Amino acid sequence: MTANGQPADIVGRGIRDGAALFRRRFADLTEAAERGQPTAYVFVMGSLAEILRCFDFELVFPEITSLQTAVRGVAHEYLDQAEDYGYSPDICGYVKADVALQLRGGAHPMGRIPKPTLAVLTNACNTYIKWSEIWERLYRIPVFTLDVPGTREAGRRTWPGDPDFEADKRYVASQIEELIALCEAVTGRRFDVDRLREVMDHTNALSRAWRRIIDLNKSVPAPFNALTDGTVYLGVVNAFRGTPEGRAYFDDLVEEMEHKAARGIGAQADEAFRLMFLGIPCYPIFRRFNELFTGRGGSFVNSTYLWFAAGGANLGFQYDLDRPLDSLAEGVLISVRDAMDSMFFQVQDLMDQAEPYGVDGIVFHAIKSCRTVSTGLADTRRALMAARDIPTLFIESDMMDRRVVSEAQLKNRIDAFFENLATRRKLAPA
Ligand code: SF4
């Protein structure tokens, strides 16, 4: 303990504990596979964990299990197998890694993934819909799609009280009722609204903390690297949503980040340029990709990935436990809509965030196999550059497929970007 009662090893605790939680999670999944426990396959943008946890489903996030194959350097083996089986090189790499995983009976570098009993998805990515049809065909399981109305036009979100919002909320609420009926039919158990309140209370604490942590990175230097550390925290946001473990982890993480911010402890000692990241990281060379920036003094202070891939939890939406089902519909609508907006209508948010985060430059990372996130990036960049004088970098690689990752080409572009940042700073009026 330090003099003010905080643990001496507080710095770096979030990474250590996050890794330990994930090792345990995969061990639990391996046991669940052996026991044949009811398992729901869900996605990060709208997992509906609050409902599914009421029925004690094991939750599998195929996006996370797939990206782990890339981080562990074996994604190409899975991609090759799925392509040999007939899937095109062009489609989402997460899907192909998962197809190979299913063909291998769930064998994953971190354990064994159980087969699905049910799949639950939203319309936040159109790939979700085609992806879950694969499980439907393989396992003849029910697939539930929750259709979340998105923002109709940039800058025109509606809020509670607005007739359009209320109509959208009723539409989401009626689908949640259908999901509850389906879970009851699949598990043979009755829905318990008090259990829902308990789970929602844990989610409230986790969402509050996630928002606070992202906010704390406005500190100079930034307490955490939004690209690398942020990905670990993001994994916990999704996989432990609605659980006491997730809540305890995020209480500790807030303590760690507040400790670092108060003492000027940055993720990077030599923070020279503060960067915003758009897109999904390059997992096949994750550490080296990050070093191409940090090696030049670049520090990632925020990222749209921390918004959309958290299903909009960055908003810190708080459920009202006195009206759980109505509030769940409201929260799902607002949060999943925000996740979609973080991919499709980013320009205003980027402009709003640039100043508070002291952003020196914005990195757009388009990836070959994710059209949902990448398609509009070039247009977003153009619109942003027309509205603001802010340096941007546009690079391309992939989040899974090392065949389309050219480290030398990335390095050239990134080095030129940093030269530009340094020149601008030299020429800036004192
Ligand atoms: S958002 Fe991109 S990476 Fe995620 S499932 Fe959709 S296509 Fe794949």
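Just above, that's the structure.
All values derive from a computational prediction rather than experimental measurement.

The next thing to look at is the pattern of salt bridges. In the structure shown here, the tally under the stated rule is 37 salt bridges. The closest approach of N and O atoms between aspartate 326 and lysine 169, which form a salt bridge, is 3.1 Å. One end of the pair, aspartate 326, is in helix 13 (residues 324-344); the other, lysine 169, is in helix 7 (residues 163-187), with 157 residues separating them in the sequence. Lysine 169 gets classed as buried once you look at its relative accessible area, which sits at 7%. Its salt-bridge partner being glutamate 258, residue arginine 212 comes within 2.9 Å of it at the nearest N-O pair. Here glutamate 258 lies in helix 10 (residues 244-263) and arginine 212 lies in helix 8 (residues 193-216), a separation of 46 residues in the sequence.

The next point concerns the sheet that holds strand 1 (residues 39-41). The strand order across the open sheet formed by four strands is 2-1-5-6, and the pairing between neighbours is parallel. Of all the strands in the sheet, just strand 2 (58-60) and strand 6 (143-146) have a single pairing partner and so form its edges. Direction aside, neighbouring strands of the sheet carry axes that sit 25° apart on average. Pairing between strand 5 (residues 118-122) and strand 6: four bridges, direction parallel. Looking at the pairing, threonine 122 lines up with leucine 146 of strand 6.

Rules behind the numbers
- Going along each chain's sequence as written, the residues are numbered from 1 onward.
- Residues qualify for local features only when their pLDDT is at least 70, as the model is predicted, and side-chain atom pairs are given and counted only at 80 or more; totals for whole chains, interfaces and linings, by contrast, use all residues.
- Note that the side-chain values use all heavy atoms of the structure and ignore hydrogens as well as water.
- By definition here, a salt bridge exists when the distance from a side-chain nitrogen of Lys or Arg to a carboxyl oxygen of Asp or Glu is within 4 Å.
- Elements are defined by DSSP. Helices are runs of H or I of four residues or more, strands are runs of E of two residues or more, and each kind is numbered from the N terminus.
- Each residue is placed in one exposure class: buried if its accessible area under a 1.4 Å probe, protein chains only, is under 20% of its type's maximum, exposed if it is over 50%, and partly exposed if it falls in between.
- Between any two strands, at least two bridges found by DSSP are needed for them to pair.
- Orientation is described by lines fitted to C-alpha atoms, with helices fitted over the stretch in contact, and by angles between N-to-C directions that extend from 0 to 180 degrees.

Fair warning: the whole summary comes from geometry, so function is off the table for now.
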